[in-house]
Amino acid sequence: MSSFASEHSSEPALAIEGLSYAYGPVRALADVSVTLARGQFCALLGPNGAGKSTLFALLTRLFVSRAGRIAVMGHDLGAEPRAALAQMGVVFQQSTLDLDLSVMHNIRYFGALHGLSRRQATERGEAALAAIGLADLAGRKARALSGGQRRRVEIARALIHRPALLLLDEPTVGLDAPSRRAITDHVHALCREQGITALWATHLVDEIEPQDQALILHQGRVRAQGIVADLCAGQSLAERFAALTHTDEAAA
Amino acid sequence: MSAYLSALLAIAGREIWRFVQQRERFLAALVRPLVWLLVFAAGFRAALGLSITPPYQTYIQYETYIVPGLVGMIQLFNGMQSSLSLVYDREMGSMRLLLTSPLPRWWLLICKLLGGTLISILQAYAFLAIAAAYGVVMPVGGYLLALPVLVLSGMMLGALGLLLSSTIDRLENFAGVMNFVIFPTFFLSSALYPLWKMAESSQTLHWICALNPFTHAVELIRFALYAQVNGSALLWVGLALAVFLVGALLGYDPRRGMVRGKG
């Protein structure tokens, strides 16, 4: 079921074409297109209100847009939502761990939603927790975990059904610097070592490495797109980002 | 085990697990019907003369009359509360997570409704146990037959809650729902007084009560508790369930909670 490596291996992990969305008369996204290959880490950069959350809502099928197309591993999200969702793991900006349940219970619940048996989910959950050094916490209530630990559990949980694409919406919000670093490094390693494709929304440029892809979104439009090192061309990413999103700050 | 069934067990199991851990919520949910039974009914007993109507075969006390209506009230409150929480802030995060499941949305929503219904049934039986200790005892067959009936009525009321939350914009908080949905639904029904009593006062009100699906849910529960099936009530409740459920599933839009949440 989760043989994403063999199936559709020629398809990009994520393909967005001409995606637009409006809240009534307010345009939130205009003609966004992006293609992500397997194993890429793509930073979705944009100031607040750039359209990052709207894009995530469209990717997770919370919103449906009539303009444009989203395909995950070649599965069109509109036409084959179930096949597309099966290839997708999501970490939302706000924690979705059930704080009154144990870590393992949270993982098993999520596994069941993705069609895993209790045993499968437990085995994979144990392995995943061991891999991030949190095996001891499996029986603890999620409430007892630190913010950084909760995030890492959420990332492990989002991968329990072995998706090809991992979406993370500002996953480091509210964390201290070492936790942020650990999580950023962890997801970069997942892309490098396991061929997972990550789309990482953020407004913090220090979470991005020169070899990453970046998609700079501003006022609903793509302002720049490509490998970070190429985009910057001598400038720092912070400078480039500020220049590209300049009008917003002047207006704000 | 199919993916559908394991999702159902996981979703319903999570609801129950959360519920039993919150002991205050369980007690709070029991206080409301108990006040009606132990205080209101005791005071009201003298004011209301009841004649013998099916399923009762003898004169009954008012406390006996209102027990099925209070079971209905437990489910009414629960249905509204759990459905509203799907759409508004409290459960919004867990709903977003739920909706990333590749299972179809209609099934995920039905699982959620069933989870809420099971909790209302736990409360209903706890209430019936206390009522029995107080002296309102039903036949054993009644307690058994009540189970499938409570699933049906609980699903109907949960679906109604979901339908309301996705169609009516102004029901932003629970107080609004109390005033405009729960109280009218409860008072315009046979929960507290038989319909013939209402007919003596006003034909119009009687008609409204007779059309109210909650009346039929209460009557279905009333007959079931005496191990009888009220065919017309069953039909009404089944029909209302189908209509509310289809409306709720078609009308459900996860954007509502999200857009509103952003202010």
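The shown structure was predicted, so the numbers you read here are calculated from the model rather than taken from an experiment. (Residues numbered from 1 in each chain as written. Chains lettered and ligands numbered in written order. Predicted model: local features only at pLDDT ≥ 70, side-chain atom pairs only at ≥ 80, totals over all residues. Heavy atoms only, no water.)

**Structural notes on the interface of chain B and chain A**
Then, number 1: Each partner contributes to the interface: chain B provides 27 residues, whereas chain A provides 28 residues.
Then, number 2: Note on chain B versus chain A: buried area summed over both sides is about 2,600 Å², and carbon and sulfur give 62% of it.
Then, number 3: Among the residues of chain B in contact with chain A, Arg96(B), Leu97(B) and Pro102(B) are the three that bury the most area, contributing 26% of the side total.
Then, number 4: Scanning the region where chain B abuts chain A turns up 2 salt bridges.
Then, number 5: Its salt-bridge partner being Arg14(B), residue Asp98(A) comes within 2.7 Å of it at the nearest N-O pair.
Then, number 6: In this structure, the connection of chain B to chain A is made through 5 residue pairs in polar contact (both at pLDDT 80 or more).
Then, number 7: Mapped by element, the contributors of at least two residues to the side of chain B that touches chain A are helix H1 (3–21), helix H4 (92–98) and helix H12 (255–261) of chain B.
Then, number 8: If one sorts the elements of the side of chain B that touches chain A by residue count, H1(B) sits on top with 10 residues.
Then, number 9: Its residues assigned to classes, the side of chain B that touches chain A comprises 15 nonpolar, 5 polar and 7 charged. (Contact = heavy atoms within 4.5 Å. Buried area = accessible area lost by both parts, 1.4 Å probe. Salt bridge = Lys/Arg side-chain N within 4 Å of Asp/Glu carboxyl O. Polar contact = N/O pair within 3.5 Å; in protein donor to acceptor, adjacent residues only side chain to side chain. Helix = DSSP H or I, 4+ residues; strand = E, 2+ residues; numbered from the N terminus. Nonpolar A, V, L, I, M, F, W, Y, C, P; charged D, E, K, R; others polar.)

**Describing the domain arrangement of chain A**
When the parts of a complex come together, some accessible area is lost, and that lost area is often used as the size of the interface.
Residues and elements named next belong to chain A.
Then, number 1: Examined at the domain level, chain A breaks down into domain 1 (1–87 + 164–252) and domain 2 (97–162).
Then, number 2: On a C-alpha basis, the centres of domain 1 and domain 2 stand 25 Å from each other.
Then, number 3: Between domain 1 and domain 2, the residue contacts involve 16 residues of the former and 12 residues of the latter.
Then, number 4: Taking both sides of the interface into account, the surface hidden between domain 1 and domain 2 amounts to around 1,100 Å²; carbon and sulfur atoms contribute 73%.
Then, number 5: Run the count over domain 1 and domain 2 and you get 0 salt bridges.
Then, number 6: Across the domain 1-domain 2 interface, the total number found is 1 residue pair in polar contact (both at pLDDT 80 or more). (Domains from an automatic or database assignment.)

**Concerning helix H3 (residues 62–87) of chain B**
Every α-helical turn comprises 3.6 residues, leaving residues that sit three or four positions apart pointing alike.
Residues and elements named next belong to chain B.
Then, number 1: In a regular helix each residue adds 1.5 Å, so 26 residues correspond to 38 Å; H3 covers 38 Å between its end C-alpha atoms and thus fits that length.
Then, number 2: Where H3 bends most, the angle comes to about 30°, and this point is Pro68.
Then, number 3: Of all the 26 residues making up H3, 24 are buried; the element is thus mostly covered by neighbouring parts of the structure. (Expected span 1.5 Å × (residues − 1). Bend = angle between axes of the 7 residues up to and from the residue. Buried < 20%, exposed > 50% of the residue type's maximum accessible area, 1.4 Å probe, protein only.)

**Focus on the packing of helix H3 (residues 103–113) of chain A against H1(B)**
Any two packed helices are characterised by how steeply their axes cross, that is the angle between the axes, and by the distance between the axes.
Then, number 1: Two elements in contact, H3(A) and H1(B), have axes whose closest approach is 8 Å; the angle formed by their N-to-C orientations is 145°. Read as a crossing pair, H3(A) and H1(B) show a hand that is left-handed. In this structure, H3(A) contributes His105(A), Tyr109(A), Ala112(A) and Leu113(A) to the contact, and H1(B) contributes Ala3(B), Ser6(B), Ala7(B), Ala10(B), Ile11(B), Arg14(B) and Trp17(B). (Axes fitted to C-alpha atoms, helices over the stretch in contact; angles between N-to-C directions. Left-handed = near helix turned anticlockwise from the far one by under 90°.)

**Quick look at the packing of aromatic side chains**
All names here are of chain B.
Then, number 1: In this structure the tally under the stated criterion is 19 aromatic pairs over all chains.
Then, number 2: Ring geometry for Trp106 and Trp107: centres 6.1 Å apart, planes at 80°, overall edge-to-face.
Then, number 3: Residue Trp106 is classed as partly exposed on the basis of its relative accessible area, which comes to 45%.
Then, number 4: For Trp107, a relative accessible area of 17% translates into the label buried.
Then, number 5: A connected cluster of aromatic rings, assembled from ring pairs, spans Trp36, Phe40, Phe44, Tyr56, Tyr62, Tyr65, Phe183, Phe186, Phe187, Phe214 and Tyr226.
Then, number 6: Between the NZ or CZ atom of Arg32 and the centre of the ring of Phe77, over which it lies, the distance is 3.6 Å. (Phe/Tyr/Trp six-rings, centres within 6.5 Å; stacked < 30°, edge-to-face > 60°. Lys NZ or Arg CZ within 6 Å of the ring centre and 35° of its normal.)

**Looking at the pairing of strand S4 (residues 69–72) of chain A**
All names here are of chain A.
Then, number 1: As judged from the 4 bridges shared by strand S1 (residues 14–23) and S4, these two strands associate in the antiparallel manner. When the bridges of S4 are listed, Leu14 appears paired with Val72.
Then, number 2: Bridge analysis of S4 against strand S5 (residues 75–76) gives 2 bridges, and the strand direction is antiparallel. Looking at the pairing, Val72 lines up with His75 of S5.
Then, number 3: Between the antiparallel neighbours S4 and S5 lie 2 residues, among them Met73 with a positive phi of about 50°. (Pairing = 2+ DSSP bridges.)

**Quick word on the sheet that holds strand S10 (residues 221–227) of chain A**
Residues and elements named next belong to chain A.
Then, number 1: Taken in spatial order, the 6 strands of this open sheet run S6-S7-S8-S3-S9-S10, and their pairing is mixed. Of all strands in the sheet, those with a lone pairing partner are strand S6 (88–91) and S10, marking the two edges. Strand-to-strand twist across the sheet, computed as the mean angle between neighbouring axes with direction ignored, equals 15°.
Then, number 2: This element, helix H5 (residues 147–158), spans S6 and strand S7 (165–169) of the sheet and lies at about 165° to S6.

**Examining the sheet that holds strand S2 (residues 26–36) of chain A**
Then, number 1: If you walk across this open sheet you meet the 4 strands as S2-S1-S4-S5 (chain A), and the pairing is antiparallel. Each of the sheet's edge strands pairs with one partner strand only, and the pair in question is S2 and S5 of chain A.

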